[in-house]
Structures are given as structure tokens and as C-alpha cells.
Amino acid sequence: MMSHAAAHYTSTGLDSRKMAFWAFIGSECLLFGSLISTYLVYKGRSVVGPTTHEILNIPVTSVSTFDLLMSSLAMVLALSAVERGDKIWARGWLATTALLGLVFLGFQAYEFTTFVHEGLKLDTNLFGSTFFVLTGFHGGHVAIGVLWLLTLLVRSFMGKLGPDKALNVEIAGLYWHFVDVVWIVIFTVVYLLQ
Amino acid sequence: MGHLSPNPSIRQGDSVRRLLLPSRVVWWLLPAAVAVVGCSGPFPQSTLHPASDFGTAIDSLYRTIFWFAVGVFVIVEGLLIVILIRFRARPGGEAKHVHGSTVLEIAWTLAPAVVLVFIAVPTMQTIFDVGGAPPEDALEVEVVGHQWWWEFRYPQLGITTANELHVARGRPVALSMTSADVIHSFWVPKLGGKRDVNPGRNTRIVFTPDSADTYLGQCAEFCGESHANMRFRVVVDEPDVFDQWSRAQAVAPAPVESLGDLARQGAEAFARIRQPGNHSCVACHAIEGVSFGVLGPNLTHVAGRTTLAAGILPNTTEGLTRWLRNPPGEKPGSLMPDIDLSDQEIAALVAYLQGLE
Amino acid sequence: MTSIATPASSVARRSGIWSWITTTDHKRIGILYGVTALFFFLLGGLEALIIRLQLAAPGNTLVSAETYNQLFTMHGTTMVFLAIMPLSAAFFNYIIPLQIGARDVAFPRLNAFSYWVFLFGGLLLNSSFLIGAAPNGGWFGYANLTSSQYSPGLNIDFWVIGLQVLGAASIAASINFIVTIVNLRAPGMRLMRMPVFTWMTLVTQFIILTAFPVITIALVFLMFDRFFGTNFYSVAAGGDVLLWQHLFWLFGHPEVYILILPAMGIVSEVIPTFSRKPLFGYAVIVYSGILIGIIGWGVWSHHMFATGLGPIADSVFAATTMIIAIPTGVKIFNWLATMWGGQIRFTTAMLFAIGFIAMFTIGGLSGVMHSSPPADLQQTDTYFVVAHLHYVLFGGAILGLSAGAYYWWPKITGKLLDERLGKIHFWLMMVGMNLTFFPMHFIGLLGMPRRIYTYDTELGLDTLNLLSTIGALLLGVAMIVFLVNAWRTRTNGEPAGKDPWGGAGLEWAIASPPPVYNFSVMPEVVSRLPLWSTREMKPIPDVPPEPVHVPGGSFWPVVAALGILLLGIGALLQALPVVIGGGAVLFVSVYAWAFEPFEM
């Protein structure tokens, strides 16, 4: 009577994995919160070197921001496709999300190398340290997200991403949207509010 | 209803009472003994015998809080003891199954809150009292913390000295403090609370000493290997004695030519650059008219200080000799290296330094 | 006769070292935590003994300044991260599923992973002793002393990397226990029917979840400064050394509630059992715990009263610190009220719980003294604080955890610890503790700062320091008594049966030790005090009516933990190949873990 049902019984009706992921996102909020707060506290306090006004490229970064926003849309569509068992569109949208994520990383790589050429490195000044560590951590999260999406894509091609596995995609989507929201905050705080 | 375990190792009363009684004696003996031992003086770094307005303000606030704490202690621990005696398990006894009482909860939430108000109000008052701007006639001293010694500069008097701070009784002192390296903390318990000394920032203490004496101080923020060896003294003089001292500090040392033989040799040793390592005293120490080093204490009037090396050695021939012989041996990690001075050089340097009144 | 279904994975064995390495059973993981934490507790205690021996006399030369600085740094770091937290974790692991009527935690492999990462992190941190480069910047590692300029050498690197590894273990475990407690409660076990230990654990996990990321970032900044020359704590570049203190204490103050809440939870279980009365004011005790967790985020700068924050900041933090004393005090009164009108049995567990109340009260009162910034300017960074923190952490957390040990030992091992030896342990600990730490109130107020390897006899504190050292030696003896007790009980201990104490919780409804599946059927809970309630709970059969599936274990958690260890070692040695290797091991094990057939 009890054993197998017991294995899937929950007190709230919510899947434990989804709950766990929300908890993880909670801790990530504090992680990025500390990084962003430090950036804010050190804003305008660099003693030497290039500052925000001289080096940040708003137009280009706006494009990459738009790209990331679009990737979240693709993620929503991917989840929807998986839920209704539409293999073609599931793979298409998952691939699109991953691709848009890679494009974002490409923009970031371009930005980082440009800054280094223009004299802003990790150790140049306070701005260099806070900027690169904050956006670098974010980029690392995007990269992990891309790997995760590609894994799901492969699983789909292996025929192992049917509607019964939609939760896996939903959780990946949670992660992806979270990373996107963090970027909105970073873009606002670092690029827009100079 | 829960059932009493038949387990024989769960004994009641007896063995515990036998243990409880003698230890109850110990309970009162212990703090009494500690207090007796603790209260026999003298305690040159005591916070409980303040000698300044700053210290006194803190001490009276502390005593207020202390007595409230004693009151709470007596009530809580007393209740606990009463409970342990009165509600020991007895054969056939029944426990009342009470789950709570709103009235009690409110009572023992409000009561501590009220006590805390009585602590908070004088606290806030004192915070603003002791944190105020220094008065116009204050003696300004710039304090710079170094690993592991204290630099004191008097901008109004053009004096730079180290490890011994002189001030005048009854005159406000305004310390403006920073660090040359890591975080330290300036603490003279008898003259008041401590204040951290941070690189890249300025902190402040304002106090008026009310008694002429010499007070001991010590760094109170862990700052590396010889944190324990970063001590200093504050000498509170009568105003006229302080004036004498500050005038003497402004006097330049006697020219080298006028020194005796040994002292002159010492002056030469002081200026000599030694290899390997390019070591020389003049690279780190300043003596007016001789050198401008800033990495180590200013030695222009070193002979007038009572201690050496930030309060860890007496300023005597023996103390000076020990220090010069092996600074890292006396103060582990000392930035002043052991430069292998000969006994002759040491004797000469001692003679020279002892002439720098 | 029980029958256990063939486990899905092939690593199924119940004996031998491999079964322990691959275990995902919360009960085994709890035992692993307990034994490991006890070892580190003894190590930290040894460090303390050497410290006290050095301070027994002025101008002592037992250890050098450098060695002393390593000892007090490691004593603090070990006791906080490798002893108290994992000892609490031992109880979280073993007891929580039993108290909520679950078969295991929500993520058994993640649970194992947390343990292995903790073990490896602790070993990494302590391996620094082998090369004479143990961390020496204090357990609080203030910048800029910890910068590469003022701390060249590997000491601080060990600290920075070791703590980040340990942080990962804690965060993973916090996610696990939050989900377990929220989602795996047996039917009828509403939140307000949960045992207080479970409640306090839940609050603690939320604090861990939110506080550890902050110290992670603080450490990341320090690591980047030391390895890559960034400027987070660089004064020359315009940075603020106080940034470290704010980040550290934003973590550090919630951390002390992480250390004390579980012990408070234990006390809230032990006192009702041995007073034969339900806990007085259950709801208030729960809510005050939650309040402490929340307000605990608002007091951090009371550790910084001497840094010159300014009168307004000082006043605000003084106020919040005083406010948090209220929910704390309320608990004490509720415990007293629980005992009032009861039938108190002085078992060793109860003695420790009573000791907690007595000692924590003292620690709490000295804490209130610290809450006043001007008064604190004389107390902070002196032995007065050392007295305060040891009264709350030793007199509080350790005594509380000791109560838990004697209370739940029979459930875990099936045997009762000897009560006579237990009482000797208790009294030695009480006398030793007070003799060690009470004089420190005086030592501090009479002018001795903290963290100094020696002091001058002119301070007049020789005798008080000697007394304190004697107390420390007594504490050592107390621990030996406990170890003897634990050892002898293995063979000669009295069998415990299901419910040796007459407890109220679900854990006492099953065998001691529990079968691997805990509950033969899922209990249906009808009250907060299942075994005491007049509303009868359906009895739990001794054998399961049908086969129970038990997961067989997995080695990917320990392999993933090894990957993290390699990452840490690589970072320490600044050896990219090792970092890459560690990353690869972690990467592979995460995938293997995700796709291995493992069913709860």
C-alpha cells in the first residue's frame, strides 16, 4: 500500500526538486546581491584608470541584453513544446535558447577583450575589480546554463525528453530566467545608472 | 500518557542530590573566589578605575547595565534553582499538562523590554556625549599605528614621537588616528574605550584626563605576529610639566662634535650603511638634524621615554642592548632586522641613544 | 520478518567500508557527521589547551608567537565550522526524518555529498599544519592583514579555500533539509505540530542558505585580491578595509544563530520529556526562533562598534541588538515554565539541558552588556568577549548538543550511555567550564586584549589566567570521561528499547536503532505530541506489511566531493592542471549522478 506511494508523497503537493531549486535561487539572490552591493559601494571611488563613462558601451550591451531577453522567450517556448510532446519544436527552441546564450557570451567576451585593450583589467582599479568579478560571475552562470540546455537537447535527441520529463525543462527554465533577471539588474546598475 | 521507563539506570533524587549539594557550595565559592582574586590590585590596565571623562562616562553606563544584569541573573537563576528543588520527581507525583499562558507570555516579553529601555536611553545619551567634536582648546595628536609600534605627532607643537604619548591633566585631547599598514586599535583602558585605527580612514577619540599618572595602553585589534608586543604609555602630566616636556621635545639634539667618544662612535654607527642588505639605522629612523627615516619610530628624544620597542623593554642600558642585539628575538616578526652588530657597536649606539634626551 | 526489495543500484551492501563510503542513508550520514565532528571538536579542544597552557603564566615560551596565532585561528575556525555545525548536522541528519515520519531526506545523495565535502574541507584546512602554514589571521580574517602584502605565504590561502569548500557543503545541506522538512512530513504532521527541534532546524537552514553566500563572496574577493591582484580590500586603490568586516559580519552574526538554534531546539525536546509536561508556549518558542532568524540579519555591526561607524549607526545597531534579546529571553522563561509544575527527572540529558539554561543566561547577559556601544568600547576585543562567546557557545551550544547526545544516543545505538559516568562528565564540564571562562570576564575588564600570545606580569592577571587554564584542563578530563563512557557502552551498554525516556515524538515509536527504512508504514499524525496524546495514533507495526524499497547507495557523491577537493588543492598550489582535473572530475560525476538510476 504505502511503499511506492510513500516515495512520491509530498506535504505540499509541490515536486521536491522544484522546491529545492527555488531554495537554491534564494541563496543565489544573496550571492549576486553581495556582488552588486559591493559594486555600488565602490562606484566612483576608483583612484586611477578608466571609469564607467569612458569605457562602457551602452548601445552594444543593449543588444546583448535584448538577446538574453529573447533567449528567455525561447526558453518559455521550449518548455511549452516539451509539455505538449512536440519533439521538433522542443529541440528547436532549446537549441535557440542555447544559441542566444552563446551569443550573449560572445558579446561578453568581445566586451572583456576590448576593455583589456583599452586599459581596464581585473587589477587596474576598483571599477575593473568589481566590474569583471560581477559580470564574470554572471557570465559563468550563463555558461553553465548553456551547458545545461545542450544536455537537455542531447537528451531530447536520445528520445528521453518526453512530457513526463517536463519538470527537468521547467527547472532549467527557472535557472535561465533567474540568470536573465540578474542581468537586468546588472545592466541597470552598471550600465544605465552611471 | 507517557510511561515512566522501568530502566534502573534512570535513578531519581538520591545520587543527584548527593552531587547537587556540594556543588551548590562550589557555585557560590567560585565567583566569590574569582572576585577576591580579581579584586586584589593593582591593575594598571583596568577599565574599572577610569581617569578621564570618557572613561568615567563609560564606566557609569557600564555599572548601570551591570546591576540590571545582576538583577535578571538573580531572578532567572534563582527561579531555576527553586524549580529544580520544588518540582523534583516524586513517587506518585503528577505533572500538570499546561500548554501556555498568554498573560505570562506578554508579561515576560514586556518586562525585559522595559529593562532594555532603561539600558537603551543612557546608552544613546552616552553615544552622543562621547562622540562629539573636540573643543577648541583641545590638544591635537595624530596617531599612526604601525606594525608593531605607535607614532604620535603633535601638529600644533611640531613634535613627532613614538610609543609614549604625553598630555596635560585637565586639557581635552583630540586624537585623530589612522594606520600605516593594517588595522590596529588604540586602547588605554583607564582613559576610556578603544577605537580601531584603520588604513585609509580616520577615527577619533576625544577625552580629558583628570589625574596625573602614567597609563598603560595596548593594541587591541589583531595585527599580525607581534600584536601582543604593540604596547604604549600615556603620561598625563600637570600642565606646567607638560609644557616643559613639549619645549624639550622641540629642542634639537646636541651636534655630534660635542659628544663624548663612545657616543660619537655611536653616531657614526647610526649613519653607517652595512652590507649585505644595505641596512642602516638612518634608512628607517629619524633623528632631527641627522636622518629622515619614517619606517621606524622617531628617535630624536628616545632617551626620555620609559620603555622601548613599544612598551616591551625598559629603556635602560640592558634593555637597549637586548633590543639592538636581536630585534626579531625580542619582537617576533619585527620589521627591524637583526643586522649582526658587534658588541662594540652596540655599546657605542647605546651611549649615543642615551644622550638623546 | 522484513523483506527489503532489491535496490536499484548495484552498490548494495550494509557492511564494510565501501557501504559507508557509498551510503545515502541519513542515519549513517548522521553517524559519519557525529564521529567526524567529535574528532574535530577534540582537535579544537587540544588547540585550546595549548593556548591556555601558553597563557598560564606571563611571558611564557611554550609556543612561539606565530604558532600561537595559528592555534587561536584554527581553534576558532575548527570549533565553528568543523565541530559545532557538523555536530548539529549529525542530529539534523539522524533525527529530523524520524521526527517528521519520513524514510530519508529529500535528496539522499546530496546529503552524502555534503558530508564528504565537509570531511574533505576539514582535512584540507588542517593539512596546513603538516607544512607549518596553518591559517594565522584569526577565525574572522580581517582585511587587510590577510592581504598578500601582510600575509605572504600559504596560511591565508588555506583558510580562504578551505572555508569556501565548507560553505558549499553547508549550502547544499540547507537546501536538502528545507525541502525535507517542508515537503516530506508524514500526513497530519502540520507545521505547528512539528517538534521544536525540527522547527529550529528549519530556521537554521534558512539562515545558512542566505548567510553563506555572503561570506562566499567576501572570501572570493579576498582570494581574487591574493591571487589576481584585484583591489577589493586595497587601500591604495581606494578600497575600504571595512568592506570585509561588513561582509564577514553580515554572515558572521547569523552564523552564531546557526550555532545556537539547533541546541535550543534540543533543549526544547529534552526539558518537556524529563519534566513529564508538554513544552510551555510551543507557538511562542517557534515564533521567537523565527524572529531571531530574521532580526539576526539586522545586528551585524555590533561587532564593529570600535571601528568608528558614527553615532547614528552605533545607535541603530545598539537598538536592534537589544531588541533581539527579547525573543531570546522569552525562550528561557518558557523553558522554566515547562519545568514548573513538572516531575523533573535528573537524567544526564536533563542535567545538560538545565546547564544550558543556566550558562546561556550568563552568556546572554554579557551579550546585553556588549549591546551598548560605549560600554562595548571597553569590552570588545578583550577577554570579556571571549567569556561571553564561550558562555553562549560552550555553555549554550555544546551543553545543548551534549544533552542531545545523551538523549538520542539510545535511539541511534540501541544502548544507553552509562548515567553515572554521564553525571561525572556533566559536573566536570560545569565546574571546568565556569572555572575556565568566568575569570575571563574579569581578565577582560582588567585590561587584557584578545589574541595575544603573551602578557606582562605587571597587568596583575597571572592568577586569574592560571585559574582559567586549570579549568581548561578539567574540561579535557570531562571529555575523556565521555569518551570512556561511549567506548564502554558499545559493548556493555544497557539495551534501550524503543522509548527509554517516555518521549513524545515519533522517533520514540520505532526500534532503537531504527530499521533501515525507519517506519514500516507511514505514520498518520493526529497531534503535536504523538506518543503522549490522548488521541491515539495508529500503532506502527514492527514489520512492514509489504516490501519496502531502499535505495542502495551511490559513489558519485564522494567522487564529486573529491572533484571539489582537487579544485581546492589546485587553487592552493596555483596549479592549473589540478584545477582542470578537479573540474573534470566534478563535471563527470555531476552528469553520472544526474543520470544514474537511483530511486528514493
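Residues numbered from 1 in each chain as written. Chains lettered and ligands numbered in written order. Predicted model: local features only at pLDDT ≥ 70, side-chain atom pairs only at ≥ 80, totals over all residues. Heavy atoms only, no water.

## Description of the sheet that holds strand β8 (residues 203–207) of chain B
Residues and elements named next belong to chain B. In plain terms, the rule: Any two strands between which DSSP finds at least two bridges are classified as paired. Numbering of helices and strands runs from the N terminus; a helix is a DSSP stretch of H or I covering at least four residues, while a strand is a stretch of E covering at least two. Orientation is described by axes fitted as lines to C-alpha atoms, over the contacting stretch for helices, and by angles from 0 to 180 degrees between their N-to-C directions. Throughout, a residue-residue contact means that at least one pair of heavy atoms, one from each residue, lies within 4.5 Å.
Pairing in this open sheet of 5 strands is mixed, and the strands run β3-β2-β1-β5-β8 from one edge to the other. Strands with a single pairing partner mark the edges of an open sheet, and in this sheet they are β3 (159–162) and β8. The mean inter-strand angle of the sheet, taken between neighbouring strand axes irrespective of direction, is 20 degrees. One ladder, built from 7 bridges, connects strand β1 (residues 139–146) with strand β5 (residues 173–179); its direction is parallel. Along β5, the bridge assignment pairs E142 with S176. Across the face of the sheet, helix α4 (residues 239–250) comes into contact with β1, β2 (149–154) and β3 while running at roughly 100 degrees to β3.

## Points about the interface of chain A and chain C
What counts is decided by this rule: Here the buried area means the combined drop in accessible surface, using a 1.4 Å probe, for two parts upon being joined, counting both sides. By salt bridge we mean one thing: a side-chain nitrogen of Lys or Arg within 4 Å of a carboxyl oxygen of Asp or Glu. Within 3.5 Å is the distance limit for a polar contact, defined as a pair of N or O atoms, with the added protein rule that one can donate a hydrogen and the other accept it, and that residues adjacent in sequence qualify only through two side-chain atoms. All amino acids are sorted into three groups, where Ala, Val, Leu, Ile, Met, Phe, Trp, Tyr, Cys and Pro are nonpolar, Asp, Glu, Lys and Arg are charged, and the leftover types, Gly among them, are polar.
Counting residues at the interface gives 41 residues for chain A, matched by 44 residues for chain C. In total, chain A and chain C occlude about 3500 Å² of area from one another, counting both sides; carbon and sulfur atoms represent 67% of this. For the pair chain A and chain C, the interface holds 0 salt bridges. Taken together, the links from chain A to chain C amount to 12 residue pairs in polar contact (both at pLDDT 80 or more). When residues of the side of chain A that touches chain C are traced back to their parent elements, those giving at least two are α1 (3–8), α2 (16–41) and α6 (126–157) of chain A. Residue contributions to the side of chain A that touches chain C peak at 12 residues, all from α2 of chain A. Across the side of chain A that touches chain C, the residue classes break down as 20 nonpolar, 16 polar and 5 charged.

## Here we look at the sheet that holds strand β10 (residues 231–237) of chain B
All names here are of chain B. Pairing is mixed in the open sheet, where 3 strands are placed in the order β4-β10-β9. Only two strands of the sheet have a single neighbouring strand rather than two, namely β4 (164–168) and β9 (213–218). Looking at each pair of strands side by side, their axes are set apart by 25 degrees on average, direction ignored. Summarising the sheet, β9 and β10 pair through 6 bridges and their orientation is antiparallel. Note that in β10 the partner of T214 across the bridge is V235. Each of β4 and β10 is contacted by α4, which is oriented at about 135 degrees to β4, the strand it contacts most.

## Some thoughts on the interface of chain B and chain C
Between chain B and chain C, the contact holds 103 residues from the first and 110 residues from the second. Both faces considered, chain B and chain C share a buried interface measuring about 9300 Å² in area, 69% of it formed by carbon and sulfur atoms. By the criterion of area lost to chain C, the three top residues of chain B are F87, W108 and F222 of chain B, representing 8% of everything that side buries. At the surface where chain B touches chain C, the tally comes to 3 salt bridges. On the surface where chain B and chain C come into contact, there are 23 residue pairs in polar contact (both at pLDDT 80 or more). Put simply, the parts of the chain that give the side of chain B that touches chain C at least two residues each are α1 (14–39), α2 (53–86), α3 (102–130), β7 (195–197), β9 and β10 of chain B. Looking at the side of chain B that touches chain C, the element that brings in the most residues is α2 of chain B, giving 16 residues. Residue classes in the side of chain B that touches chain C are distributed as 58 nonpolar, 29 polar and 16 charged.

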